[in-house]
Amino acid sequence: METVTTLLKAERAARGWSQSDVLRRMRTLAEQQGIQLPSRGTLQSQFSRWENGHIVPTLHYQRLLRDVYRRTHAELGFPALPAQPTPAAAPAPPVEPDAAALLALIARSAVVDDELIRALRGQTDSHRRVDRQLGAVAVFEQSARHVGQVHEMVSFSTDPASRRRLAWVLADAAALSAWQALDLGHYAQSWTLLETAKQAAREADDPNLYAFAAAEQGYVLIDLGRPAEAAELISHVRADLGRNTPRMRSWLHAAHAEAAAWAGNGIAAIHSLEKARQELPDGDGDEDLPFLALNAGHLARWEGHCLAQLGDADADAVTTLSGALAELDPTFTRARSGLLCDLSTALVRRGDVEAADAHSTEAASLAAQTGSVRQRRRIERVHAQVLHLRSA
């Protein structure tokens, strides 16, 4: 173990690099290879433990470190890989470290069965529940690691059937992690994760998952201040609605309505909301769409959000949002924060400063609880409007 530490430190010292220099190079290589790494703090902690000899990097990280330092497996002092068995009658030439590492990864991805797929999907569902109730700040690092693990399994799987099932898990997990990244204000990371989700959804041949990930990129554009482009992007996704289920079609129409509302296109927004209502089936959700939370109550919340963004002057926005707030599942903590922010926006436009302030204060408290940078920025704008009205 000491040899590994000494050589890793020596290689870094010889170049005059800091640990941050190495980690930055690792992250650049990982992004080029479509590999998701954990947060900066987590990776920094792991790197220190590698250099201090507390743990040995996994094969995944050994490969990145070899590429960063441009040294062989042996030159970095990594422990020898297990010898590969060869037939006694026809001994094979020695397996090079890179080949052995690849074979190990392929072998690891070959053990996929129904139980493992259920476990991986269950892990994503667990992250989804924590995210919904406690916010992205509580689960994003674990979620990103989960994406990286499944991505590696997909990349090295050689069985077409297993690869498709793993790709579905990857698409779902990456789309969830992307939404968490967006909520925390990590725009580039969110976009990259959605590209991963789209590619995996194509391999899984799931049009619903692909449409979901593709349309989510519209939300990145909205948060970047480009809602018209977001509406156009979602319109392109909607062009292939025939392959989507009714609930997915309803979600796409509602997503387009939101982008149109942010762009100030009220006619398009109202038209899309009407389509969303027409498509929405009964029930709270579909078993094969665990990533989609959309029922009549959620759609009412969406409609109220659009009306608030459009500056609805009458009572429709307040009435719709108040009704949605009363019916919202209390475990949707971040959704409640957003709904309260929308309600505050609508109340400000009606001139009801006291009620708007009360709702925005509660929204701010929930946003702090969930660590939502996205919601906090929206709430700050509402607070500024409240202060402006009070000083007028």
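Residues numbered from 1 in each chain as written. Predicted model: local features only at pLDDT ≥ 70, side-chain atom pairs only at ≥ 80, totals over all residues. Heavy atoms only, no water.

**Student:** Honestly, the overall build of the protein chain in this entry has me stumped. Any pointers?
**Tutor:** Within the protein chain, the regular secondary structure consists of 18 helices and zero strands. With the C-alpha coordinates aligned to their principal axes, the bounding extent of the protein chain is approximately 85 × 50 × 35 Å. Out of the 392 residues in the protein chain, the part that is buried amounts to 51%. Long-range pairs, those at least 24 residues apart, make up 65% of the contacts in the protein chain with a sequence separation of at least 6. Accessible surface, the protein chain as shown: approximately 18,200 Å² in total, 53% of it carbon and sulfur. (Helix = DSSP H or I, 4+ residues; strand = E, 2+ residues; numbered from the N terminus. Buried < 20%, exposed > 50% of the residue type's maximum accessible area, 1.4 Å probe, protein only. Contact = heavy atoms within 4.5 Å. Areas by Shrake-Rupley, 256 points an atom, 1.4 Å probe, with all protein chains shown as cover.)

**Student:** Hey, could you run me through the environment of glycine 225 in this one?
**Tutor:** Mapped onto the secondary structure, glycine 225 falls in the loop between helix H10 (207-223) and helix H11 (227-238). Accessibility expressed as a relative area gives 58% for glycine 225, which makes it exposed. Residues glycine 225 and tryptophan 262 lie 37 residues apart in sequence; the distance between their C-alpha atoms is 9.0 Å.

**Student:** Before we go on, may I ask you to explain the nonpolar core in this structure?
**Tutor:** Across soluble globular proteins, nonpolar side chains have a tendency to be buried as a group. If you look at the biggest cluster of nonpolar residues, it comprises 60 residues, and the most contacted ones within it are Trp251, Leu252, Phe291 and Trp302. Residue assignment for this core shows that the elements contributing at least two residues are helix H6 (114-134), helix H7 (140-155), helix H8 (160-183), helix H9 (187-204), H10, H11, helix H12 (246-262) and helix H14 (296-309). The dominant element in this core, judged by the number of residues it contributes, is H8, at 13 residues. Dropping the residues within four chain positions of it, tryptophan 302 is found in contact with Tyr219, Trp251, Ala254, Ala255, Glu258 and Leu294. Ranked by size, the runner-up nonpolar core spans 25 residues in total, among them Ala317, Leu343, Ala356 and Val386. (Core = buried A, V, L, I, M, F, W, Y, C linked by side-chain atoms within 4.5 Å.)

**Student:** Please explain the packing of H6 against H8 as it appears in this structure.
**Tutor:** Any two packed helices are characterised by how steeply their axes cross, that is the angle between the axes, and by the distance between the axes. Across the interface, H6 lies against H8 with an axial gap of 10 Å and an inter-helix angle of 10 degrees. Here H8 runs roughly parallel to H6, going by the angle between their axes. Crossing of H6 over H8 shows left-handed handedness. Along the contact surface, H6 presents Asp114, Ile117, Leu120, Arg121, Thr124, His127, Arg128 and Asp131, while H8 presents Arg165, Leu166, Trp168, Val169, Asp172, Ala173, Leu176 and Gln180. In terms of residue class, the contact of H6 with H8 is made up of seven nonpolar, three polar and six charged. (Axes fitted to C-alpha atoms, helices over the stretch in contact; angles between N-to-C directions. Parallel < 35°, antiparallel > 145°, perpendicular 65-115°, else oblique. Left-handed = near helix turned anticlockwise from the far one by under 90°. Nonpolar A, V, L, I, M, F, W, Y, C, P; charged D, E, K, R; others polar.)

**Student:** How do you make sense of the packing of aromatic side chains when you look at a structure like this?
**Tutor:** When we look at a pair of aromatic rings, we describe it by the centre distance and by the angle of the planes. Applying the stated criterion across every chain, the model contains five aromatic pairs. Arranged with centres 6.0 Å apart and planes meeting at 20 degrees, the rings of tryptophan 17 and tyrosine 69 form a pair that is stacked. Within this pair, whereas tryptophan 17 is found in the loop between helix H1 (2-15) and helix H2 (19-32), its partner tyrosine 69 is found in helix H4 (residues 59-69), the two being separated by 52 residues in sequence. Residue classification places tyrosine 69 among the buried residues on the basis of a relative accessible area of 0%. Seen in terms of ring centroids, tryptophan 251 and tryptophan 302 are 6.0 Å apart; in terms of plane orientation they differ by 70 degrees. Their pairing is edge-to-face. Of the two residues, tryptophan 251 is situated in helix H12 and tryptophan 302 in helix H14; the sequence distance between them amounts to 51 residues. Here tryptophan 251 falls in the buried class, since its relative accessible area comes to 8%. Judged by relative accessible area, which is 12%, tryptophan 302 ranks as buried. Clustering of aromatic rings is evident, with ring pairs tying together Phe212, Trp251, Phe291 and Trp302. (Phe/Tyr/Trp six-rings, centres within 6.5 Å; stacked < 30°, edge-to-face > 60°.)

**Student:** I tried to follow the confidence of the model for the protein chain on my own but got confused; where do I start?
**Tutor:** As a note on interpretation, predicted positions should not be read in detail where pLDDT is low. With 91% of its residues at a pLDDT of 70 or more, the protein chain shows a mean pLDDT of 83. Contacts for the low-pLDDT stretch residues 84-89, under 50 throughout, to residues beyond four places or in other chains number four contacts. (pLDDT = per-residue confidence, 0-100.)

**Student:** Looking at this structure, I do not really get the environment of alanine 261. What am I missing?
**Tutor:** Mapped onto the fold, alanine 261 is located in helix H12. Residue classification places alanine 261 among the buried positions, given a relative accessible area of 2%. A sequence separation of 42 residues divides alanine 261 from glutamate 303, and the C-alpha atoms of the two residues are 10.0 Å apart. When sequence neighbours within four positions are dropped, the list of residues in contact with alanine 261 reads Ala269, Cys306, Gln309 and Leu310.

**Student:** Is there a simple way to explain the side chain of serine 344 in this structure?
**Tutor:** For serine 344, the location among the structural elements is in helix H16 (residues 333-350). Judged by relative accessible area, serine 344 falls into the buried class, the value being 0%. Aside from chain neighbours lying at most four places away, what touches serine 344 is Ala356, His359, Ser360 and Val382.

**Student:** I keep staring at unusual backbone geometry and nothing clicks. Help me out?
**Tutor:** Most peptide bonds take the trans configuration, and most residues that are not glycine carry a negative phi. Of note in the backbone geometry, aspartate 205 takes a positive phi value of approximately 55 degrees without being a glycine. Within the element layout of this structure, aspartate 205 appears in the loop between H9 and H10.

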